[in-house]
Amino acid sequence: MSLPTAAIPTPAAVPAPPGMDLDLHPGKPPILHTRAQASEDAPGWAAEHRHALRGLVTEHGALLVRGLGLRDTGQVGAVFEHLAPRLMTEREAFAPRHTHMPGVYSSTAWPANQPMCMHHELSYTHAPPGLLLLACLTPPRTGGATALADAPTVLDALPPQLVRRFEEEGWLLTRTYNDEIGASWEEAFGTDDKAAVEDYCRANTIDFCWQPDGGLRTRQRRPAVVRHPVTGRRCWFNQIAFLNEWTMAAEVREYLIDVYGPDGLPFNTRFGNGDPIGEDVVQLINTVYESHTVREPWQAGDLMLVDNVRTAHSREPFEPPRDVVVAMAEPLHPTTCTPTLEGNTR
């Protein structure tokens, strides 16, 4: 049952900090232009304006801050920690990252000529991040935007019967970890101790099975639609399309199936009852995302804050180089960001 509209609190409009301009243009994320002196002490500026920035993110779902002139990972890490103390350690990554410092990572290793479709970061984990922080040190020559889409709007645009099925059943993620495609199980779980991996899986409601070659297969069921922990709004919150076999380039999918078999793909998604998700459903979801996407090309020194429940994000193909630094914060307790129907708690 959806929450009545009258019961959903509407945040008061949050003004831009004094002396700064907030640009709200159709087709673009909100862009906050800082004062020139902000770049002289970006971490101090972030500490001073933390509450205003977080208020703007709560109101709009995301915020691009331009003019800070961020120059290196140390400075970026300090800004991140002022904005969101206690950065998260990533677990269950689907592809490798480089760790710059605790909680501060490179963007995911993914071919530059292939898009990363819309998704909510780590939405398949038991306690996904509530906040995503990104900073651009080197913008790409072309492309490479971190595009955004509003999850409640996407939800409303999807066919009601499809949404209802995912609300009732949730979605399944299956993974086969190997040493060739995506993150290895050692990289994903941050350990080479099989017993520790098993303990993590049991604690996070993940079915697991070790393979004869030493690989690992996992299976986890998660809610596809959740209520936002602050506003109570229903949000399409998952990686159903992004991690599905039909989102892969056809030649990549055919190669992987030929080498590993249909049940050995590095990752795939299904309906919560185990039924396959058809190519038509995946295309529909990605088409709805695209029709509600906003984007702004990265500039050197940019900072972006994303409400990871309210807002999905993607990475568009690009011409290298591209250096975007990432952090995650404010993990959602399983009881904080709840599914919209009873029974979707696994």
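One structure accompanies this document, and this report is about it. Keep in mind it's a predicted model, so treat the numbers as computed, not measured. (Residues numbered from 1 in each chain as written. Predicted model: local features only at pLDDT ≥ 70, side-chain atom pairs only at ≥ 80, totals over all residues. Heavy atoms only, no water.)

## Considering the pairing of strand E7 (residues 129-138)
It is a general feature of regular strands that their side chains alternate between the two faces of the sheet.
(1) Moving on: The buried fraction of E7 is high, at nine of ten residues.
(2) Moving on: In terms of strand pairing, E7 meets strand E17 (residues 303-307) through five bridges, oriented antiparallel. Paired with Leu134 across the two strands is Met304, which belongs to E17. (Buried < 20%, exposed > 50% of the residue type's maximum accessible area, 1.4 Å probe, protein only. Helix = DSSP H or I, 4+ residues; strand = E, 2+ residues; numbered from the N terminus. Pairing = 2+ DSSP bridges.)

## Quick notes on the pattern of salt bridges
(1) Moving on: Under the defined criterion, the tally for this structure stands at 17 salt bridges.
(2) Moving on: Here Glu168 and Arg164 are joined by a salt bridge, their closest N and O atoms 2.9 Å apart. Of this pair, Glu168 and Arg164 both sit in helix H4 (residues 160-169), separated by four residues, roughly a single helical turn.
(3) Moving on: Ionic pairing is found between Arg165 and Asp275, a salt bridge with its closest N-O pair at 2.8 Å. (Salt bridge = Lys/Arg side-chain N within 4 Å of Asp/Glu carboxyl O.)

## Quick look at the packing of aromatic side chains
(1) Moving on: Enumeration according to the criterion identifies nine aromatic pairs in this entry.
(2) Moving on: Centroid distance Trp110 to Phe242: 5.7 Å. Interplanar angle 55°. Geometry classified as tilted. Of this pair, Trp110 sits in the loop between strand E5 (104-106) and strand E6 (116-119) while Phe242 sits in the loop between strand E14 (234-236) and helix H7 (250-260), placing them 132 residues apart in sequence.
(3) Moving on: Residue classification places Trp110 among the partly exposed residues on the basis of a relative accessible area of 22%.
(4) Moving on: Residue classification places Phe242 among the buried residues on the basis of a relative accessible area of 3%.
(5) Moving on: Consider the rings of Phe166 and Trp236, whose centres lie 5.7 Å apart with planes at 80°: the pair is edge-to-face. Here Trp236 lies in strand E14 and Phe166 lies in helix H4, a separation of 70 residues in the sequence. Residue Phe166 shares its accessibility class with Trp236, and that shared class is buried.
(6) Moving on: Here the aromatic cluster, defined as three or more aromatic residues joined through ring pairs, consists of Phe94, Trp110, Phe242 and Phe267.
(7) Moving on: A cation sits over an aromatic face here: Lys194 above Trp210, 4.7 Å from the ring centre.
(8) Moving on: Above the plane of the ring of Phe318 lies Arg322, whose end atom (NZ or CZ) is 5.6 Å from the centre. (Phe/Tyr/Trp six-rings, centres within 6.5 Å; stacked < 30°, edge-to-face > 60°. Lys NZ or Arg CZ within 6 Å of the ring centre and 35° of its normal.)

## So, the nonpolar core
(1) Moving on: Among the nonpolar cores identified, the biggest contains 51 residues, and Phe94, Leu134, Phe166, Trp236, Ile240, Ile285 and Tyr289 are the most heavily contacted of them.
(2) Moving on: Element by element, the count of residues in this core is highest for helix H8 (residues 279-291), at five residues.
(3) Moving on: Once residues lying within four places of it in the same chain are set aside, the contact partners of Ile240 are Phe166, Trp171, Ala224, Thr269, Ile277 and Ile285.
(4) Moving on: Counting residues in hydrophobic clusters, the runner-up holds 29 residues, among them Ala42, Leu70, Val76 and Val104. (Core = buried A, V, L, I, M, F, W, Y, C linked by side-chain atoms within 4.5 Å. Contact = heavy atoms within 4.5 Å.)

## A closer look at the sheet that holds strand E16 (residues 293-294)
(1) Moving on: Sheet architecture is open: four strands sit in the order E6-E18-E9-E16, paired in antiparallel fashion. Single-partner strands in this sheet number two, and they are E6 and E16.
(2) Moving on: Here E6 runs beside strand E18 (residues 311-315); their pairing, made up of two bridges, is antiparallel. Within E18, the residue paired with His119 across the bridge is His313.

## Remarks on the environment of Asp323
(1) Moving on: Within the secondary structure, Asp323 sits in strand E20 (residues 323-331).
(2) Moving on: Since its relative accessible area comes to 28%, Asp323 is described here as partly exposed.
(3) Moving on: Residues Asp323 and Glu92 lie 231 residues apart in sequence; the distance between their C-alpha atoms is 22 Å.

## Structural notes on H8
(1) Moving on: With 13 residues, H8 ought to run about 18 Å at 1.5 Å a step, and its terminal C-alpha atoms sit 18 Å apart, in line with that.
(2) Moving on: Considered for burial, the residues of H8 that qualify are Val281, Val282, Ile285, Val288 and Tyr289. Projected down its long axis, H8 carries its buried residues within an arc of 130°, all on one side. With respect to the buried face of H8, the exposed residues turned more than 90 degrees away are Asp280, Thr287 and Ser291. (Expected span 1.5 Å × (residues − 1). Arc of directions from axis to C-beta.)

## Quick look at the side chain of His120
(1) Moving on: Along the chain, His120 turns up in the loop between E6 and E7.
(2) Moving on: His120 sits in the buried class, given a relative accessible area of 0%.
(3) Moving on: Here the side chain of His120 touches Trp236 through a polar contact of 2.8 Å, landing on its backbone oxygen.
(4) Moving on: Of the polar contacts made by the side chain of His120, one reaches the backbone oxygen of Asn308; its length is 2.7 Å.
(5) Moving on: The residues touching His120, leaving out its near neighbours within four places in the chain, are Ala151, Trp236, Phe237, Asn238, Gln239, Tyr289, Asn308, Val309, Arg310, Thr311 and Ala312. (Polar contact = N/O pair within 3.5 Å; in protein donor to acceptor, adjacent residues only side chain to side chain.)

## Some words on the pairing of strand E12 (residues 216-222)
(1) Moving on: Of all the seven residues making up E12, five are buried; the element is thus mostly covered by neighbouring parts of the structure.
(2) Moving on: Pairing of strand E10 (residues 171-177) with E12 involves seven bridges; the strand directions are antiparallel. Bridge pairing in E12 links Leu173 to Gln220.
(3) Moving on: The pairing of strand E11 (residues 207-210) with E12 spans four bridges and is antiparallel. Along E12, the bridge assignment pairs Trp210 with Leu216.
(4) Moving on: The turn linking E11 back onto E12 is made up of five residues, and Gly214 within it adopts a positive phi angle of 95°.

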